[in-house]
Amino acid sequence: MPHVIVLNGGSSSGKSSIARRLQELLPEPWLHLGADTMVSALPPWLLGGGDGIGGLDDGDGTVEVGPVFARLDAAWTLGVAAMARAGARIVVDEVFLGGAASQQRWRAALADLEVLWVGVRCDPAVAAAREAARGDRVGGMAAAQAESVHEGVGYDLVVDSSRASVDECAGLILARMTTGR
């Protein structure tokens, strides 16, 4: 059984809902950590762009990452990996803004751990409708990220939350964890 499950998908693709369902279904406790956890831990002055991260509160849905955020994000990744090495089982809920380069950073950090890489796909129109219903995201982010976060990324399993329910997606992940298929 893996130590880490990495769920990668765009904003409003269903990653957090799938992660919470996995926490309910898995026999051991699993922590749910990810992009939103990291961003909520930042000081407010890093949330307006520049050296930090921009586009989360306004704009056209494009997220801009500055050098200070990138450095903290790299440290965050290593910290999550250290927690897994210390015995915590972790569901990582991530948005690979850098596509393959983002996955390479995570692969390096998790190199000696058993990891299940899961792509969470969602039709851009469905993700945009979820984004609008949530009301806590900048319009356009879901559509902008729906495909780009998957470019060049390799997965053990891909689920499509626009065609399958949260329960079905979580079930596919559990089946892959227990049977390898």
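Every residue gets a number counted from 1 within its own chain, in the order that chain's sequence is written. Under the rules for a predicted model, residues below a pLDDT of 70 receive no local features and side-chain atom pairs below 80 are neither given nor counted, while totals for whole chains, interfaces and linings still include all residues. As a convention, hydrogens and water are excluded, and side-chain values are obtained from all of the structure's heavy atoms.

Novice: Where do I start with unusual backbone geometry in this structure?
Specialist: Comment: phi is negative for the bulk of residues other than glycine, and the bulk of peptide bonds are trans. For Ser 12, which is not glycine, the phi dihedral falls at a positive 65 degrees. Helix and strand definitions follow DSSP, with helices as H or I runs of at least four residues and strands as E runs of at least two, each counted in order from the N terminus. Its location among the elements puts Ser 12 in the loop between strand S1 (4–8) and helix H1 (15–25). Summary of the burial criterion: residues with accessible area below 20% of their type's maximum are buried, those above 50% are exposed, and those between are partly exposed, where the area comes from a 1.4 Å probe applied to protein chains only. The exposure class assigned to Ser 12 is buried, which follows from its relative accessible area of 7%.

Novice: Is there a simple way to explain the nonpolar core in this structure?
Specialist: The nonpolar side chains of a soluble globular protein tend to be buried with one another. Among the nonpolar cores identified, the biggest contains 24 residues, and Val 4, Val 6, Trp 106 and Leu 110 are the most heavily contacted of them. Counting only elements with at least two residues in this core, the list comes to S1, helix H2 (35–40), helix H3 (67–85), strand S5 (89–94), helix H4 (100–109) and strand S6 (115–121). Among the elements that line this core, the one with the most residues is H3, at 6 residues. Not counting the four nearest positions on each side in its chain, Leu 110 is found in contact with Val 4, Val 6, Ala 81, Arg 85, Val 115 and Trp 117. Formed by 19 residues, the second largest nonpolar core is a distinct cluster that contains Val 91, Val 118, Leu 157 and Ala 170. Each nonpolar core is a collection of buried residues, namely Ala, Val, Leu, Ile, Met, Phe, Trp, Tyr and Cys, held together in the definition by side-chain atoms within 4.5 Å. The contact definition used throughout considers only heavy atoms, calling two residues in contact when any of these lie within 4.5 Å.

Novice: Looking at this model, I keep getting lost on the pattern of salt bridges. Mind explaining?
Specialist: Working definition: two side chains of opposite charge can pair if their charged atoms are close together. We define a salt bridge as a side-chain nitrogen of Lys or Arg found within 4 Å of a carboxyl oxygen belonging to Asp or Glu. Applying the stated criterion across every chain yields a total of 8 salt bridges. When the shortest N-O distance is used, the salt bridge between Arg 21 and Asp 167 registers 2.5 Å. Of the two residues, Arg 21 is situated in helix H1 and Asp 167 in helix H7 (residues 166–179); the sequence distance between them amounts to 146 residues. In this structure, Arg 89 and Glu 28 form a salt bridge, with 3.2 Å as the shortest nitrogen-oxygen distance. Within this pair, whereas Arg 89 is found in strand S5, its partner Glu 28 is found in the loop between H1 and strand S2 (30–34), the two being separated by 61 residues in sequence. We classify Arg 89 as buried; its relative accessible area is 18%. For Glu 28, a relative accessible area of 37% corresponds to the partly exposed category. When salt bridges that share partners are traced, they join Arg 21, Glu 24 and Asp 167 into one network.

Novice: What is the right way to read the packing of aromatic side chains from this model?
Specialist: Aromatic rings in a pair are described by how distant their centres are and how their planes are angled relative to each other. To pair, rings of Phe, Tyr and Trp, with the six-membered ring standing in for Trp, must have centres within 6.5 Å; the planes then decide the type, stacked if under 30 degrees apart, edge-to-face if over 60, and tilted in the middle. In this structure the tally under the stated criterion is 0 aromatic pairs. The ring centre of Trp 117 lies 4.7 Å from the NZ or CZ of Arg 107, which sits over that ring. Only when the NZ atom of a Lys or the CZ atom of an Arg is both within 6 Å of the ring centre and within 35 degrees of the ring normal do we say a charge sits over the ring.

Novice: Looking at this structure, how should I read the environment of Val 4?
Specialist: Among the secondary structure elements, Val 4 is positioned in strand S1. Val 4 sits in the buried class, given a relative accessible area of 0%. Along the backbone, Val 4 and Arg 89 are 85 residues apart, and their C-alpha atoms lie at a distance of 5.9 Å.

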